[in-house]
Amino acid sequence: MAATQPQLTNLLSQEYQHGFVTDIETDTLPPGLNEEVVRTISAKKNEPEFMLEYRLKAYRHWLTMTPPDWAKLKIEPIDYQAITYYSAPKFKKDAPKSLDEVDPELLRTYEKLGIPLKEQEMLAGIAVDAVFDSVSVATTFKSKLAEKGVIFCSFSEALQEHPELVKKYLGTVVPHTDNFFAALNAAVFSDGSFCYIPKGVRCPMELSTYFRINAKSSGQFERTLIVAEEGSYVSYLEGCTAPMRDENQLHAAVVELIALENAQIKYSTVQNWYPGDKEGRGGIYNFVTKRGICRGKQAKISWTQVETGSAITWKYPSVILEADNTIGEFYSVALTNNLQQADTGTKMIHIGKNTRSTIISKGISAGHGQNSYRGLVKVLKNAQHARNYTQCDSLLLGSRCGAHTFPYIEVKNPTAQIEHEASTSKISEDQLFYCRQRGMGIEDAVSMIVNGFCKEVLKELPMEFAVEAQKLLGISLEGSVG
Amino acid sequence: MLTIKNLHANIDDKAILKGINLQVNPGEVHAIMGPNGSGKSTLANVLVGREEYQITQGEVRFEDQDLLNMAPEERARAGIFLAFQYPVEIPGVSNINFLKAALNNVRAARGLAKLDAIDLLQQVKDKMQQVKMNPDFLYRSVNEGFSGGEKKRNEVLQMLLLEPKLALLDETDSGLDIDALKIVADGVNALRSPERAIVLVTHYQRLLDYIVPDFVHVLSGGQIIKSGDKNLALELEQQGYGWLTEARA
Ligand SMILES: Nc1ncnc2c1ncn2[C@@H]1O[C@H](COP(=O)(O)OP(=O)(O)O)[C@@H](O)[C@H]1O
Ligand SMILES: [Mg+2]
């Protein structure tokens, strides 16, 4: 494709679109981590005693742990004392009571990102909780949700208003001892979203959290807890962006989902953290523990993720199929360009009888991107007639990138049915040429072919998100073919 | 409209086209025939800008433009269309999305506005009727799982929709039964007009019973060794290529 080289160079210089910094007064702790910092975070948030104890327990446990090294990722050692563990936009009083009290500069940030927080301007049917650095700045449509008994608020608020619910469920899916990053999160998490769907309620709108890291050298450690009571349904969306910074920023979140009998939770993520520049400078280190448990019969949890950002992605949204006849699903698109690295996949743990899981993973690598799928399907002794279907496809653009697949299967019950399919393909010159002969430019053609490759996953996303994700895939790939 | 002068092209340093000369004017239909491996597909692919081929000599002009300097998509937007001998499958991309992207790009190049979804569907469905394709094909992935004949009809559908000035068809008739052949021929004839030109690459005279060409050329060993009118195709049908290629040897 010699003829198109200049065009490609142009496209390659296409910059990350959400890379601006918001200039705002913040309340920021100095860098470093010790028990005092943990206590300060808890005190600033005026937390109940149990929460502080939980944090301290987690912190002390974290001190005994080492970062995991089994993923296929090259990571510079992280200096945990150089990170700031709390940074919050300064509000006039305590927390803003309504949107009118939120700093207009903040509202503008979300508008620039295409997330208007003023309810009358919102896309009908989506309630948003916006988390800026460490704190939740606004949650929309609260009253409308309250009519149905749905609780959707920031984690801090949940600790004030519904401490009994938080206490009952916090750490029951991802214990503070689970892994290095989960322990760190449990010690220092600053905010996040909480959502509770009462028995028999079908949540009347999509719930959405929008995460934004702004402050320099701050880590973001948010925590999300979703509880779906018997027979309830909720669809939850998560979006993320960050400014462009030369240094790496750490994001270590924990998400816990609990689905009781006949409940259904659909959790979708479009992750577009700053990926770093072409030389691999800067970018978010994204170490996330996401796990759901189907605690009651016939419960269902689906994870759908489109991961295009971050310098490093370490993420395995999982489902524990504890009760009989429960269903777990994982649909994933992970794209790595330039020097991005992703090690992502899922764990499906079959405990109950007739449990079913589906895994569809689409990895796309371009530039020098390295993309690994890592998945565990585990069928325990009493999980009669468990079934899993895994499909794992990789698409390579160019010859300097890599795709790797690490499936782990552990079956302790002979009635299990496990199916695994995997494929690796290159985007074909013939396909590209075919599109170009019909008048499409290279970038449109690549974007179309890649979107086609991801179709089975994209169709799982709610409509507005799917459109967003398609555009994002196109932008993330621009200039990657040559 | 299209002027090819002394065109030489290599693939992997092997000379395939060895001095092609051809003039195609608006309104004309040319048939290019010739034995397997003589370079017919190579010629078609070079004209649409396939990058594996190295042009070592010669010149090609399309209207007033230097064709060989244009990117493939620019050639397409300028009005050149190739119905491929082996249409490619694109999994996950629906036919309708593909057609929409193609049509809107070509329309933009002609200074026309994008078609909205309703107008697009209307146009596409009309053309589908012309090539007797079931509308279900719109929602299937491009060419995926299509039979040989269905792929060829899909090419003709795209051609009808994009309304090229110069349509190149590379063995669009191969592997078609007689009914499908008639459908394809009807499609091509529908496109015929004083402003457009058509170049058919074919092995068989039978297509030329339905699309009557103004000129017939025989391509052999990378050169056009004989040109004539439709009667040349009939002669070839009866006598094969031997008498021509041997006469030169
Ligand atoms: N990609 C390629 N690599 C190597 N040789 C090729 C390639 N494409 C075509 N050729 C060779 O070029 C010659 C002409 O092929 P082609 O143009 O396809 O002939 P035709 O269409 O007339 O049957 C043949 O000898 C063929 O083997
Ligand atoms: Mg051929």
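Summary of the structure given here. Keep in mind it's a predicted model, so treat the numbers as computed, not measured.

1. With respect to the side chain of Arg438(A)
At step 1: One can find Arg438(A) in the loop between helix H9 (429-437) and helix H10 (442-453).
At step 2: Of note is the side chain of Arg438(A), whose polar atom sits 2.8 Å from the backbone oxygen of Leu82(B).
At step 3: Dropping the residues within four chain positions of it, Arg438(A) is found in contact with Ala76(B), Phe81(B), Leu82(B), Ala83(B), Phe84(B), Phe98(B), Ala102(B), Val106(B), Glu155(B), Gln158(B) and Leu162(B).

2. Focus on the packing of helix H3 (residues 49-63) of chain A against helix H8 (residues 180-188) of chain A
Residue and element names in this part refer to chain A.
At step 1: Where H3 contacts H8, the two axes come as close as 7 Å, and the packing angle between them is 145 degrees. Where H3 crosses over H8, the two elements pack in a sense that is left-handed. Of the residues in H8, those touching H3 at Tyr54, Arg55, Ala58, Tyr59 and Trp62 are Phe180, Ala183, Leu184, Ala186, Ala187 and Val188.
At step 2: Here the residues of the contact of H3 with H8 are counted per class, giving 10 nonpolar, no polar and 1 charged.

3. Some thoughts on the nonpolar core
At step 1: Grouped together as the largest cluster of nonpolar side chains are 118 residues, with contacts concentrated most on Ile364(A), Leu2(B), Ile4(B), Phe98(B) and Leu166(B).
At step 2: The contact partners of Phe98(B), leaving out residues within four places of it in the chain, are Tyr434(A), Cys435(A), Arg438(A), Met440(A), Met448(A), Ile90(B), Val93(B), Val142(B) and Gln158(B).
At step 3: The next biggest cluster of nonpolar side chains, apart from the first, holds 58 residues, and it includes Val38(A), Phe181(A), Ala183(A) and Ile349(A).

4. Structural notes on the sheet that holds strand S12 (residues 223-228) of chain B
Residue and element names in this part refer to chain B.
At step 1: Taking strand neighbours across the sheet as the criterion, the 6 strands line up as S6-S9-S10-S3-S11-S12 in an open arrangement whose pairing is mixed. Two strands lie at the open edges of the sheet, namely strand S6 (80-83) and S12, each paired on one side alone. Each neighbouring strand pair of the sheet contributes to a mean axis angle of 20 degrees, computed without reference to strand direction.

5. Some words on the environment of Lys412(A)
Residues and elements named next belong to chain A.
At step 1: By the element assignment, Lys412 lies in the loop between strand S22 (402-411) and strand S23 (417-426).
At step 2: As for Lys412 and Arg438, which are separated by 26 residues in sequence, their C-alpha atoms are 53 Å apart.
At step 3: Not counting chain neighbours up to four residues away, the residues in contact with Lys412 comprise Val379, Leu380 and Lys381.

6. Digging into the packing of helix H2 (residues 35-44) of chain A against H3(A)
All names here are of chain A.
At step 1: The contact between H2 and H3 brings their axes to 10 Å, and the two run at 155 degrees. When the interaxial angle is binned, H2 and H3 end up roughly antiparallel. Note on packing geometry: the crossing formed by H2 with H3 is right-handed. The residues of H3 that touch H2, namely those facing Glu35, Val38, Arg39, Ile41 and Ser42, are Leu52, Arg55, Leu56, Tyr59 and Arg60.
At step 2: Looking at the contact of H2 with H3 residue by residue, the class counts come to 5 nonpolar, 1 polar and 4 charged.

7. Things to note about the interface of chain A and chain B
At step 1: Facing the 22 residues of chain A at the interface are 32 residues of chain B.
At step 2: Sorting the residues of chain A by area buried against chain B places Phe433(A), Tyr434(A) and Arg438(A) first, and these three jointly supply 35% of that buried surface.
At step 3: Our enumeration of links across chain A and chain B arrives at 4 salt bridges.
At step 4: Here Glu73(B) and Arg436(A) are joined by a salt bridge, their closest N and O atoms 2.7 Å apart.
At step 5: The interface formed by chain A and chain B contains 12 residue pairs in polar contact (both at pLDDT 80 or more).
At step 6: Taken together, the elements giving at least two residues each to the side of chain A that touches chain B come down to H9 and H10 of chain A.
At step 7: Ranked by residue count, the leading element in the side of chain A that touches chain B is H9(A), at 8 residues.

8. Regarding the pairing of strand S14 (residues 300-307) of chain A
Each regular strand shows side chains that alternate between the opposite faces of the sheet.
All names here are of chain A.
At step 1: Along S14, 7 of the 8 residues are buried, which leaves the element largely enclosed by surrounding structure.
At step 2: As paired strands, strand S12 (residues 264-271) and S14 are joined by 8 bridges and run parallel to one another. Residue Tyr267 lies in a different strand from S14, and its bridge partner there is Trp303.
At step 3: Here S14 runs beside strand S17 (residues 327-336); their pairing, made up of 8 bridges, is parallel. By the bridge assignment for S17, Glu307 is matched with Ala334.

Cut-offs applied
Residues numbered from 1 in each chain as written. Chains lettered and ligands numbered in written order. Predicted model: local features only at pLDDT ≥ 70, side-chain atom pairs only at ≥ 80, totals over all residues. Heavy atoms only, no water. Helix = DSSP H or I, 4+ residues; strand = E, 2+ residues; numbered from the N terminus. Polar contact = N/O pair within 3.5 Å; in protein donor to acceptor, adjacent residues only side chain to side chain. Contact = heavy atoms within 4.5 Å. Axes fitted to C-alpha atoms, helices over the stretch in contact; angles between N-to-C directions. Left-handed = near helix turned anticlockwise from the far one by under 90°. Nonpolar A, V, L, I, M, F, W, Y, C, P; charged D, E, K, R; others polar. Core = buried A, V, L, I, M, F, W, Y, C linked by side-chain atoms within 4.5 Å. Buried < 20%, exposed > 50% of the residue type's maximum accessible area, 1.4 Å probe, protein only. Pairing = 2+ DSSP bridges. Parallel < 35°, antiparallel > 145°, perpendicular 65-115°, else oblique. Buried area = accessible area lost by both parts, 1.4 Å probe. Salt bridge = Lys/Arg side-chain N within 4 Å of Asp/Glu carboxyl O.

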